[in-house]
Amino acid sequence: MARATVAALLCAVLGLSVALSVNAAVFEGSTSGSGLIYLGKFVFEYNSPGDGPSGKWAATVETTSSGAVFAMFDDQDHSWKAVYEDGACSTCECYEQHAIPPTFPLAATGSNPIGDEITEHVRPRFWYAAVITCGEEVSIDYKITFEQEDGSQVGVNDQGLYALFLVSFFVWGIGLGAQLWASRWLWRTRTFHPIVKLYTLSLVL
């Protein structure tokens, strides 16, 4: 029973560490496609008019195909929703028309370091990073980093989740410890009912 307790706690700590180490503000990988290629999204804070940018982003994109363009969209009806959810576009010109300027043409040789500031004065909203291509399929390697004005890399939609994870972990740990102590007593008195065994196992897992 003691070994099971230690193993369960070690697995929980490992899982929590992985969850807290995941950085939702950095998107990195390789992909291919044509038309509109989604790369990542982030929710920036907003500032009052005149207070300057709400954040910034930086990207490095590498491709061997010509004609590709890096673009940012927001979640308003005339931007990402129009081109991705409603399918209003079928040409690269239409995609670029709905993008939030500026757009960034990508050179076909070497890496393309690009970046810009985000000005947001309406509300916290999703911003989407994508590559636009004109018909032909392209392959790209990319890394995009989003950052709030204060240097934080936590999106508005993720704020407070880490604290919630920690509270949930400690509550689970207290409940698991109490259940394992009670299970040990039931085991010694030979009154460990199968249903209680299943409940204990469900807490461990």
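Heads up: the structure comes first, above all this text.
Residues numbered from 1 in each chain as written. Predicted model: local features only at pLDDT ≥ 70, side-chain atom pairs only at ≥ 80, totals over all residues. Heavy atoms only, no water.

Peer 1: Report on the packing of aromatic side chains, specifying residues and quantitative values.
Peer 2: Evaluation of the coordinates by the stated rule reveals twelve aromatic pairs. In this structure an aromatic cluster arises from ring pairing among Tyr38, Phe73, Trp80, Tyr84, Phe126 and Tyr128. Above the ring of phenylalanine 126, the side-chain terminus of lysine 41 is found at 4.9 Å from the ring centroid. (Phe/Tyr/Trp six-rings, centres within 6.5 Å; stacked < 30°, edge-to-face > 60°. Lys NZ or Arg CZ within 6 Å of the ring centre and 35° of its normal.)

Peer 1: An account of unusual backbone geometry is requested, with residue identities and associated values reported.
Peer 2: Leave glycine aside and you will find that most residues have negative phi; peptide bonds, for their part, are mostly trans. A cis amide bond links proline 101 with the next residue in sequence, proline 102, at an omega value of 5°. Note on placement: proline 102 falls in strand S5 (residues 100-105). (Helix = DSSP H or I, 4+ residues; strand = E, 2+ residues; numbered from the N terminus.)

Peer 1: Let's hear about the nonpolar core: which residues, and what values?
Peer 2: Counting residues in hydrophobic clusters, the biggest one holds 24 residues, and the most contacted among them are Leu39, Trp57, Phe70, Val131, Ile144 and Phe146. Broken down by element, the residue count for this core peaks at five residues, all from strand S8 (residues 138-148). Those residues in contact with tryptophan 57 that lie beyond four places of it in its chain are Phe70, Met72, Phe104, Ile114, Gly115, Asp116, Ile118, Thr145 and Phe146. Leu36, Val69, Cys92 and Tyr95 belong to the second largest nonpolar core, which has 14 residues in total. (Core = buried A, V, L, I, M, F, W, Y, C linked by side-chain atoms within 4.5 Å. Buried < 20%, exposed > 50% of the residue type's maximum accessible area, 1.4 Å probe, protein only. Contact = heavy atoms within 4.5 Å.)

Peer 1: Residue-level account of the pattern of salt bridges, with values.
Peer 2: A complete count under the given rule lists four salt bridges for this structure. Between aspartate 75 and arginine 123 there is a salt bridge, with the nearest N and O atoms lying 3.0 Å from each other. Remark: arginine 123 occurs in the loop between strand S6 (111-118) and strand S7 (125-132) and aspartate 75 occurs in the loop between strand S4 (69-74) and helix H2 (80-85); sequence separation between them is 48 residues. Residue class for arginine 123 comes out partly exposed when judged on its relative accessible area of 35%. What you see here is one network of salt bridges that share partners, running through Asp74, Glu120 and Arg125. (Salt bridge = Lys/Arg side-chain N within 4 Å of Asp/Glu carboxyl O.)

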